[in-house]
Amino acid sequence: QDLHVANDLSSRMVLSTRSTEVVGTGNAEHLKAANVRVEIRKTSDAASDEALFTVYGEVTKPWYLPESVMLSQAKKRGPAEFQKLSLKLLAEMARNY
């Protein structure tokens, strides 16, 4: 993936990734792109610091799976998986910011 990190050295940091290649097995073999953008903004009150996490994914549908089944599984499992990922990434960024 291409990874870009920028900050203003005082109150804002942005991390942005863009997939160049995605390799996986099982259900992950259908993932073709996973792009992430995280923006952290510090305020004068640490309890009010802001974090915005955006994920964009692209998948290909297997020939044997009806689209309705694939969409229902993605809606059911996707948010929890991305929430785990976002919490892990945000914690790592907060530790390093």
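You'll find the structure just up there.
Only a predicted model underlies this, so the values are computations on that prediction, with no experimental measurement involved.

Here is what the cut-offs are and how they apply
- Residues numbered from 1 in each chain as written.
- Predicted model: local features only at pLDDT ≥ 70, side-chain atom pairs only at ≥ 80, totals over all residues.
- Heavy atoms only, no water.
- Pairing = 2+ DSSP bridges.
- Helix = DSSP H or I, 4+ residues; strand = E, 2+ residues; numbered from the N terminus.
- Axes fitted to C-alpha atoms, helices over the stretch in contact; angles between N-to-C directions.
- Buried < 20%, exposed > 50% of the residue type's maximum accessible area, 1.4 Å probe, protein only.

1. Points about the sheet that holds strand E1 (residues 2-7)
Phase 1: Overall, antiparallel pairing links the four strands, which are arranged E1-E2-E3-E4 in an open sheet. The outermost strands of the open sheet, each flanked by one partner alone, are E1 and strand E4 (50-59). This sheet shows a mean twist of 5 degrees between the axes of neighbouring strands, independent of strand direction.
Phase 2: Pairing of strand E2 (residues 12-18) with strand E3 (residues 31-41), which is carried by six bridges, proceeds in the antiparallel orientation. The partner of Val14 across the bridge, within E3, is Glu39.

2. Describing unusual backbone geometry
One can expect most non-glycine residues to show negative phi and most peptide bonds to be in trans.
Phase 1: Phi is positive for Leu9, which is not a glycine, with a value near 65 degrees.
Phase 2: Inspection of the secondary structure assignment puts Leu9 in the loop between E1 and E2.
Phase 3: Assessed through its relative accessible area of 77%, Leu9 is described here as exposed.

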